[in-house]
Amino acid sequence: MLLLSGDQVREAFPVAEAYRVVAEVMRRYSGGDVVQPVRTVLASGRDASLFATMPCHVTGESDSGYGLKAVLHAPGNSARGLPTHVGVVVVFDPETAQPLAMMEGAAVTALRTAAASAVATDALARPDAGDLALIGAGTQARSHLLALNEIRRIHRIRLWNRGRVRAEEFLKWARTQVDVDVELVNTPADALRGADLACTTVDTTDPVVRAEDLADGVHVNAVGSSVPGKRELDSHAVASCSVFVDSREGALRESSEISGPVEEGLVPADRQLPEIGEVLLGKHPGRTRPTERTLYKSLGMAAQDVASGFAVVRAAQRLGIGTVTDFAC
């Protein structure tokens, strides 16, 4: 079995390859070629921690097989200076069923989540979109900036984050990564004003995006709130957008941003929720007019993690990186 650290995952899985792999698995999911239950989430009741397991079977151009991601959300780690999301991705040899590799899960998650948003942006945003609003300044904000910079000519970036220190750290980092200055602003509305691209990456129960903050024609990738009860956009903001998802089944069961507007009577319960894979397959037209607001509500899918895991293994073997351990009896 191959063991891979976060740095090794990032070395083996560049942004362009992550985009290709994630786009393909989203097509295959919406085409019925992926077996994936909705994730299982456990809470101990003793603290705010959550443990999620996400198994699936993927069929891909290069790999077909079983895998899973297991992730533990430990909010108390913030005070310890440690990541709040700790996990692993495991993939199994399609022929022998032996564990093929285990890799650091946060790196895979950051890369595949941003890649999925880039795929959604390519499919839904206006071709000339390049005025980017970033809400949040953590790992996902960084990975999203890199991913979107690959597919769009970004000419303006405005960033809002609750904490100034992290925002300034993001600013210093961004200057080494992209050729566009990042403007720090005081409110989410300041970041979103006039933006035609937006990525929201904050874990919150109190929405920070309102309908009046969104410009006509904007495309929003909402990725930060991925469990029931968490919401980045308020119900009026969601109701003002054409909404697209990665997995319709997952979104209907797990997203408060999807259920909230229904419960408040702002949208019908049978509102259409096309999947990004359906747009890629030509089953849905995606954006239909320049002034339409589009929203990609990202919850993440095991298929994205597992397909990425197989791709990472192939690249790591080619590069000769990682630690091999004998897992057999």
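This one's a predicted model, so the numbers in the text were calculated from it and none came from an experiment. (Residues numbered from 1 in each chain as written. Predicted model: local features only at pLDDT ≥ 70, side-chain atom pairs only at ≥ 80, totals over all residues. Heavy atoms only, no water.)

## Section: unusual backbone geometry
Applicable threshold: Numbering of helices and strands starts at the N terminus; helices are DSSP runs of H or I of at least 4 residues and strands are runs of E of at least 2.
With phi around 70°, Ala-97 is a residue other than glycine that occupies positive phi space. Within the secondary structure, Ala-97 is located in the loop between β5 (85-92) and β6 (99-104).

## So, the sheet that holds strand β7 (residues 131-135)
Going by this rule: Only strands joined by at least two bridges in the DSSP assignment are considered to pair. Think of each axis as a best-fit line through the C-alpha atoms, taken over the contacting stretch in the case of a helix, with angles from 0 to 180 degrees between the N-to-C directions. Contacts are assigned to residue pairs that have any heavy atoms within 4.5 Å of one another.
Taken together, seven strands build an open sheet; the order of strands is β9-β8-β7-β10-β11-β13-β12 and the sheet is parallel. The sheet is open, and its two edges are formed by β9 (182-184) and β12 (242-245), each paired on a single side. Direction aside, the axes of adjacent strands within the sheet are offset by 20° on average. Of the strand pairs in this sheet, strand β11 (residues 219-222) and strand β13 (residues 294-297) are connected by four bridges, and their pairing is parallel. In the strand pairing of β13, Val-220 is matched with Leu-295. Contacting β10 (197-200), β11, β12 and β13, helix α4 (residues 105-124) crosses the sheet at an angle of about 160° to β11.

## Digging into the sheet that holds strand β1 (residues 2-4)
Strand pairing within a sheet occurs via backbone hydrogen bonds; the two strands may be parallel or antiparallel. Within the open sheet, the seven strands sit side by side as β2-β3-β4-β5-β6-β1-β14. Their pairing is mixed. At either margin of the open sheet sits one strand with a lone partner, and together these are β2 (40-42) and β14 (323-324). In this sheet, β6 lies alongside β5 in antiparallel orientation, the contact comprising five bridges. Counterpart to Phe-92 in the pairing with β6 is Pro-99. Those strands touched by helix α12 (residues 302-319) are β1, β3 (50-59), β4 (64-73), β5 and β6, and its axis lies near 70° from that of β3.

## Section: the packing of helix α5 (residues 139-151) against helix α6 (residues 164-175)
Under the convention used in this document: Orientation is classified from the angle alone, with under 35 degrees giving roughly parallel, over 145 giving roughly antiparallel, 65 to 115 giving roughly perpendicular, and any other angle giving oblique. If you view the pair so one helix is near and one far, a crossing is left-handed when the near helix is turned anticlockwise from the far one by less than a right angle, and right-handed when it is turned clockwise.
Contact geometry of α5 with α6 gives a least axis separation of 11 Å together with a crossing angle of 30°. On the basis of the axis angle, α5 is roughly parallel to α6. Our pair here, α5 against α6, has a crossing hand that is right-handed. Across the interface between the two elements, Ala-141, Arg-142, Leu-145 and Leu-146 of α5 pack against Glu-169, Phe-170, Trp-173 and Ala-174 of α6.

## Some remarks on α12
Quick note on the threshold: Expected helix span is computed as 1.5 Å times (number of residues minus one). Think of it in three bands: residues with accessible area under 20% of the maximum for their type are buried, residues over 50% are exposed, and the middle band is partly exposed, with areas taken using a 1.4 Å probe on protein chains only.
Taking 1.5 Å as the rise per residue, α12 with 18 residues should run 26 Å; its terminal C-alpha atoms sit 25 Å apart, in good agreement. In terms of residue burial, α12 counts as a mostly covered element, since 14 of its 18 residues are buried. Where α12 ends, the next residue or the one after it, Gly-320, has phi of about 75°, a positive value.

## Notes on the packing of aromatic side chains
As a reminder, the rule being used: Put simply, two rings from Phe, Tyr or Trp (the six-membered ring, in Trp's case) pair if the centres are within 6.5 Å, and we call them stacked under 30 degrees between planes, edge-to-face over 60, tilted for the rest.
Evaluated as defined, the whole model comprises one aromatic pair. Aromatic side chains Phe-170 and Trp-173 sit 5.4 Å apart centroid to centroid with 55° between the ring planes, which places their arrangement in the tilted category. Here Phe-170 and its partner Trp-173 are both found in helix α6, three residues apart, which amounts to about one turn of the helix. On the basis of relative accessible area, Trp-173 is assigned to the buried category, the value being 16%.

## Quick look at the nonpolar core
The following threshold applies: We define the nonpolar core as a collection of buried residues of types Ala, Val, Leu, Ile, Met, Phe, Trp, Tyr and Cys that are connected through side-chain atoms lying within 4.5 Å of one another.
In this structure, Leu-4, Val-9, Met-26, Met-103 and Ile-276 are the most contacted members of the largest nonpolar core, which totals 46 residues. The element that contributes the greatest number of residues to this core is α12, accounting for ten residues. With near-sequence residues (within four places) excluded, Ile-276 lies in contact with Met-26, Val-119, Ala-120, Leu-124, Phe-244, Val-245 and Tyr-296. Ranked by size, the runner-up nonpolar core spans 27 residues in total, among them Ala-195, Val-202, Val-218 and Ala-237.

## Some remarks on the pairing of β5
Pairing analysis gives seven bridges linking β4 to β5, with the strands arranged antiparallel. In the sheet register, Ala-70 faces β5, and the bridge partner there is Val-88. Hairpin connection from β5 to β6: six residues lie between these consecutive antiparallel strands, with Ala-97 at a positive phi of about 70°.

## What about the state of the cysteines?
What counts, and what does not: Throughout, a disulfide means two cysteine sulfur atoms within 2.5 Å of one another.
Counted according to the given criterion, the structure contains zero disulfides. Left without a disulfide partner, Cys-199 is nearest to the cysteine sulfur of Cys-241, which lies 14 Å away. A residue is classified by how much of its surface remains accessible, and Cys-199, at 0% relative accessible area, is buried.

## Describing the environment of Thr-121
By the element assignment, Thr-121 lies in helix α4. Between the C-alpha atoms of Thr-121 and Gly-163, which are 42 residues apart in sequence, the distance is 27 Å. Leave out the neighbours within four places in its chain, and Thr-121 touches Leu-148, Ile-151, Arg-152, Leu-197, His-219 and Asn-221.

## Quick look at a nonpolar patch on the surface
To be explicit about the condition: To count toward a patch, a residue needs a relative accessible area over 30% and no salt bridge; like charges are then connected within 9 Å, while nonpolar side chains (Val, Leu, Ile, Met, Phe, Trp, Tyr) are connected within 5 Å. Using a 1.4 Å probe, the Shrake-Rupley method yields the accessible areas, and only the shown protein chains count as cover for residues. Definition used for salt bridges: Asp or Glu carboxyl oxygen within 4 Å of a side-chain nitrogen of Lys or Arg.
Where nonpolar side chains cluster on the molecular surface, the patch consists of Leu-42, Phe-51, Leu-72 and Val-86 and spans about 330 Å² of accessible area. Looking at the secondary structure, you find Phe-51 in strand β3. For Phe-51, a relative accessible area of 33% translates into the label partly exposed.

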